[in-house]
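So you can see what is in the structure, the chains are spelled out below.
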Amino acid sequence: MYLEIVSPEATLFSANVDSVVVPGINGEFEMLENHAPIVSLLGEGMVKVRVHSQEHKSFDELPDVIVPSANDAKVLTLNIQSGTIEMKDNKVIVLAD
């Protein structure tokens with residue numbers, strides 16, 4: 001599935017990914033390929049992205065706010081204060097504050 005993470009300042013991340021875990025306002029939830037369409041509000045917490053590989057771009061080229069997990073090199077993390085997520089047709093868009 002394709003993921004875009006967008007902040008008010010810029011597009012922070014865009015690539016094909018295996019999964020994304022987000023902090024919903026009623027708790028954390030995960031989306032995988034072919035997930036049902038959804039629109040949801042996000043609360044404060046951590047967005048966790050499992051990437052296929054590092055082919056899309058080097059970790060050195062990622063914005064400072066997106067950090068590789070210390071436990072798993074294929075997981076990228078981003079702390080957010082709030083936001084919105086939409087998934088439709090295997091495309092996920094996270095609007096993050």
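Look up: the structure comes first, before these words.
Reading guide: rules and limits
Residues numbered from 1 in each chain as written. Predicted model: local features only at pLDDT ≥ 70, side-chain atom pairs only at ≥ 80, totals over all residues. Heavy atoms only, no water. Helix = DSSP H or I, 4+ residues; strand = E, 2+ residues; numbered from the N terminus. Buried < 20%, exposed > 50% of the residue type's maximum accessible area, 1.4 Å probe, protein only. Contact = heavy atoms within 4.5 Å. Areas by Shrake-Rupley, 256 points an atom, 1.4 Å probe, with all protein chains shown as cover. Lys, Arg positive; Asp, Glu negative; His and termini not counted. Charge placed at Lys NZ, Arg CZ, Asp CG, Glu CD. Polar contact = N/O pair within 3.5 Å; in protein donor to acceptor, adjacent residues only side chain to side chain. Salt bridge = Lys/Arg side-chain N within 4 Å of Asp/Glu carboxyl O.

A. Representation of the overall build of the protein chain. In terms of regular secondary structure, the protein chain is built from zero helices and nine strands. Listed N to C, the secondary structure of the protein chain is β-β-β-β-β-β-β-β-β in terms of helices and strands. Dimensions of the protein chain, computed from the C-alpha atoms along their principal axes, are close to 30 × 25 × 25 Å. Counting every position in the protein chain, which comprises 97 residues, the buried fraction comes to 36%. Counting contacts in the protein chain only where the partners sit at least 6 residues apart, residues at least 24 apart contribute 57% of the total. Accessible surface for the protein chain amounts to roughly 5,600 Å². Of this, 48% is attributable to carbon and sulfur atoms. Distance from the positive charge centre (6 side chains) to the negative charge centre (15 side chains) of the protein chain: 4 Å.

B. A look at the side chain of S19. Note that S19 resides in strand 2 (residues 11-24). A distance of 3.3 Å separates polar atoms of two side chains, one belonging to S19 and the other to E30. Beyond its immediate stretch of four places on either side in the chain, S19 contacts M1, E30, M31, L32, K48, V49 and R50.

C. Local environment of the environment of L76. As for its position among the elements, L76 is in strand 7 (residues 75-80). Expressed as a C-alpha distance, the spacing of L76 and N34, which sit 42 residues apart in the sequence, is 21 Å.

D. Layout of the pattern of salt bridges. Scanning the entire structure with this criterion turns up three salt bridges. Between E4 and K91 there is a salt bridge; the shortest N-O distance is 3.8 Å. With E4 in strand 1 (residues 2-6) and K91 in strand 9 (residues 91-96), the pair connects residues that are 87 residues apart, well separated along the chain. Two residues, D72 and R50, come together in a salt bridge whose shortest N-O distance is 2.7 Å. Of this pair, D72 sits in the loop between strand 6 (66-68) and strand 7 while R50 sits in strand 5 (residues 45-51), placing them 22 residues apart in sequence.

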